[in-house]
Amino acid sequence: MSLLLGLALGAGLLLIWWSCWPRRRPEAARRQRLGRLDQLLAEAGHQRVGVSGAVTAMVSSAVIVFLIVLVITRAVPVALCFALFASAVPIVVLRWQARKRQAVLREIWPDAVDHLRSAVRAGMSLPEALIQLSTSGPVPLREPFAEFARDYRSGQNLGTALVGLKDRLADPVGDRIVIALTITREVGGSDLGRLLSTLGEFLREDARTRSELEARQSWTVNAAKLAVAAPWIVVLLLSTQAEAADAYRGLEGMAVLAGGLVVSVVCYQLMLRIGALPKEGRVLL
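Within each chain, residues carry numbers counting from 1 in the order of the written sequence. Selection of residues for local features in this predicted model requires a pLDDT of at least 70, selection of side-chain atom pairs for listing and counting requires 80 or more, and totals for whole chains, interfaces and linings are taken over all residues. For the side-chain quantities, the full set of heavy atoms in the structure was used; hydrogens and water were omitted.

1. Quick notes on the overall build of the protein chain
The condition that has to hold: Each helix corresponds to a stretch of at least 4 residues labelled H or I by DSSP, and each strand to a stretch of at least 2 residues labelled E; elements are numbered beginning at the N terminus. Burial status follows relative accessibility: with a 1.4 Å probe on protein chains alone, a residue under 20% of its type maximum counts as buried, one over 50% as exposed, and anything between as partly exposed. When checking whether two residues touch, look at their non-hydrogen atoms; a contact exists if any pair is within 4.5 Å. In short, Shrake-Rupley with a 1.4 Å probe defines the accessible areas, and a residue's cover is counted only from the protein chains shown.
Per the secondary structure count, the protein chain includes 12 helices and 0 strands. Secondary structure elements in the protein chain, listed N-terminal to C-terminal, are α-α-α-α-α-α-α-α-α-α-α-α. In the protein chain, which comprises 285 residues, the proportion classed as buried is 35%. Sequence separation of 24 or more characterises 67% of the internal contacts of the protein chain that already satisfy a separation of 6 or more. Of the accessible surface of the protein chain, which amounts to about 17800 Å², a share of 65% is contributed by carbon and sulfur atoms.

In structure tokens:
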């Protein structure tokens, strides 16, 4: 009776907690997940890959690793665990590429702003100054600004072309710059040069501070990765022995693997959240 009362109490608390969150339809939740993946691809610089390419890479990685581990260990539960890890590898790589791309852009944006300020002070209009970045600006930014130049010269107005530029850049700093230029254009201010000068100084200071923080944070992230990877490397090595592989095929072995998988995922996410820096948000996505 006490067991039933405890289960009923736990189920009631779970239902109360569940009712506090908005209910989503499966189609809406799926579209939201695909939207996040599409945004991650854009931030990593792979706008042309598409969500289907990323999903294909995840499935292919899982299947290949499953077959390799199965051949080595002859233990299906161990192979399934490593296949699950392998399916997350493309997402981890995309996030790493997105962080690396944002770090590179964060370093070169002040130079791009200086180019804009010099062009504006030389008498160029704002569209001409932006188009000039496609040839004389920092190399990683030339392609997005070249596409902006094609859009503007094809007949699009400046506001629409700036929105397209913001989507191609897929960068928080780029969002702030594009929004600042759009507001300045709409209100008709005459202090564009002063705005760009202040913005360049702010971006340099922000990039310097964030680089120092990321250098200090790196040891926490590396420690989390090592703490998660080490036990599973031991599991893989033990599974090459016939006795250990037989143990993991049983119910007790599968329970140990499932518990270790849950603990690894929870602890890894917890360590990353503890050592994470505030993420720069995108503007008007």
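Following the structure, the description resumes.
2. Points about helix H4 (residues 76–87)
Test applied: Each residue after the first adds 1.5 Å to the expected span of a helix.
A rise of 1.5 Å per residue sets the reference length of H4, with its 12 residues, at 16 Å; its end C-alpha atoms lie 16 Å apart and thus fit the reference within 8%. Of all the residues in H4, the buried ones are Pro77, Val78, Ala79, Cys81, Phe82, Ala83, Ala86 and Ser87. Structurally, H4 contributes buried residues whose contacts are with helix H3 (51–73), helix H5 (89–121), helix H10 (192–239), helix H11 (242–249) and helix H12 (251–274).

3. Some details on the confidence of the model for the protein chain
One rule of thumb: low pLDDT means the predicted coordinates there are not for detailed reading. Put simply, the test is: Confidence of the prediction at every residue is given by pLDDT, a number between 0 and 100.
Taken over all residues, the pLDDT of the protein chain has a mean of 81, while the share at 70 or more is 88%. Mean pLDDT values for the elements of the protein chain range from 64 in helix H2 (residues 26–43) up to 91 in H4. Scored below 50 in pLDDT, residues 25–34 makes 2 contacts in the model with residues more than four places away or belonging to other chains.

4. A look at the packing of aromatic side chains
Heads up, the condition is: In this analysis, rings of Phe, Tyr and Trp, with Trp reduced to its six-membered ring, are considered paired at centre separations within 6.5 Å, and the interplanar angle assigns stacked below 30 degrees, edge-to-face beyond 60, and tilted for intermediate values.
One pass over the full model with this rule turns up 5 aromatic pairs. An angle of 90° between the planes, with centres 6.2 Å apart, marks the rings of phenylalanine 82 and phenylalanine 85 as edge-to-face. Remark: phenylalanine 85 and phenylalanine 82 occur in helix H4; sequence separation between them is 3 residues, near one turn of the helix. Relative to phenylalanine 145, the ring of tryptophan 109 has its centre 6.5 Å away and its plane inclined at 75°; by these criteria the two rings are edge-to-face. Residue tryptophan 109 is located in helix H5, and its partner phenylalanine 145 is located in helix H7 (residues 139–153); the two are separated by 36 residues in the primary sequence. Of the two residues examined, tryptophan 109 and phenylalanine 145, each falls in the buried class. Linked through ring pairs, Phe82, Phe85 and Trp232 together constitute an aromatic cluster.

5. Focus on the packing of H5 against H10
Helix-helix packing: each pair is described by the crossing angle between the helix axes and the interaxial distance. Quick note on the threshold: Think of each axis as a best-fit line through the C-alpha atoms, taken over the contacting stretch in the case of a helix, with angles from 0 to 180 degrees between the N-to-C directions. Roughly parallel means an angle under 35 degrees; roughly antiparallel means over 145; roughly perpendicular covers 65 to 115; every other angle is labelled oblique. Amino acids are sorted into nonpolar (Ala, Val, Leu, Ile, Met, Phe, Trp, Tyr, Cys and Pro), charged (Asp, Glu, Lys and Arg) and polar (every other residue, Gly among them).
Packing of H5 against H10 leaves a shortest axis separation of 9 Å and a crossing angle of 170°. The angle between H5 and H10 places the two elements in the roughly antiparallel class. Residues Arg106, Glu107, Trp109, Pro110, Asp111, Val113, Asp114, Leu116, Arg117, Val120 and Arg121 of H5 pack against Leu192, Gly193, Leu196, Ser197, Gly200, Leu203, Arg204, Asp206, Ala207, Arg210, Ser211 and Glu214 of H10. Residues that form the contact of H5 with H10 fall into these classes: 9 nonpolar, 4 polar and 10 charged.

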